[in-house]
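Single-letter residue listing:
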Amino acid sequence: DPYPGFEGKYFSMPCRNVVPKPVQTPHPPMWMACTNRETIKVAAANGLGALAFSFINPEEARAWADIYYGIIKSEACVPLGHSVNANIAMVSNFSVHHDRAEAIRRGHEGFEFFGYALNALVAHDTVPGRTNLWGDYIAARGARTEEIIDALGHAERNASGIGTPDDMRAHLRAFQDAGVDQVIFMQQAGRNRHADICDSLELFAAEVMPDFKADLAAREARKAAELAPYIEAALGRKRWMTPLADDEIPVVRASVAKAQVGR
């Protein structure tokens, strides 16, 4: 069946057959990018996964997760799609090495730049092709990586996603305990080297990921069982689009005029 078309205030789409059809049932999960609590609320109200592109601590993450799942479980949730993608994902720094100081050297400068650039592009005027964000960042930051190493090198753990496998394990446990479902590792930022990124990924896969993968199926099953009645109720509130009858499907006129044959 073709998409029946829609004419609204913010979005218009004519009746068209969209192909190929997705393999997933009912369809690929839908997400919404979120940068604050208000957009978290919008995502939950529409039954969308929340991609939280903000670097926040586990305490704030818990507040966001509580808001998100509170709405998912309430009558305010009316799904936009054909299913409810009840998931909240958070962005995290990522640089893993057995030596915490080396992990900081390899990753911290780049991730600070990511935050700096994101803020600058939103809050400051820029001149395309002429503004030098990296130069401005370095001038403002200075050579402070070793200061960061001195401050964090002897701490019990570093909770930013940059550090040893033990640091990363504790970092992810804190997000997990806060109710976060997925973590997006920000890896390629600033001048982070590709080889260092690959080293971090390999170390993470070897020493950190197995701890979380071991009980993944059980965690997902518990979550699905808990949310099942709320998702069923939310889908019951959804306003479904009515498929068009064959005689209601409009003809898409040819874009090239037909050549005249004969006279």
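See above for the structure.
Residues numbered from 1 in each chain as written. Predicted model: local features only at pLDDT ≥ 70, side-chain atom pairs only at ≥ 80, totals over all residues. Heavy atoms only, no water.

**Details of helix α7 (residues 194-207)**
Point 1. Between its first and last C-alpha, α7 extends 20 Å over 14 residues, near the 20 Å set by a 1.5 Å rise per residue.
Point 2. Along α7, the residues classified as buried are Asp 196, Ile 197, Ser 200, Leu 203 and Phe 204. For α7, the arc enclosing every buried residue in end-on projection is 130°, short of the 170-degree limit, so these residues lie on one face. Relative to its buried face, α7 has exposed residues pointing more than 90 degrees away, namely His 194, Glu 202 and Ala 206.
Point 3. Considering only its buried residues, α7 is in contact with β6 (95-96), α3 (100-123), α6 (165-178), β8 (182-186) and α8 (209-213). (Helix = DSSP H or I, 4+ residues; strand = E, 2+ residues; numbered from the N terminus. Expected span 1.5 Å × (residues − 1). Buried < 20%, exposed > 50% of the residue type's maximum accessible area, 1.4 Å probe, protein only. Arc of directions from axis to C-beta. Contact = heavy atoms within 4.5 Å.)

**Topic: the packing of aromatic side chains**
Point 1. Here the structure, examined in full by the defined rule, presents nine aromatic pairs.
Point 2. Ring geometry for Phe 94 versus Phe 185: centroids 4.4 Å apart, planes at 25°, classification stacked. A residue pair is termed long-range when its members are at least 10 positions apart, and Phe 94 in the loop between β5 (88-93) and β6 and Phe 185 in strand β8 qualify at 91 residues.
Point 3. The side chain of Arg 173 reaches across the aromatic face of Phe 212, ending 4.2 Å from its centre. (Phe/Tyr/Trp six-rings, centres within 6.5 Å; stacked < 30°, edge-to-face > 60°. Lys NZ or Arg CZ within 6 Å of the ring centre and 35° of its normal.)

**Let's talk about the pattern of salt bridges**
Point 1. In total, this model carries 17 salt bridges according to the counting rule given.
Point 2. Note that Glu 112 is salt-bridged to Arg 144, the shortest N-O span being 2.6 Å. Highlighted residues: Glu 112 in helix α3 and Arg 144 in the loop between α4 (133-141) and α5 (145-152), separated in sequence by 32 residues.
Point 3. Arg 144 sits in the partly exposed class, given a relative accessible area of 31%.
Point 4. Each of Glu 102, Arg 105, Arg 106, Glu 146, Arg 193, Asp 196 and Asp 199 takes part in one network of salt bridges that share partners. (Salt bridge = Lys/Arg side-chain N within 4 Å of Asp/Glu carboxyl O.)

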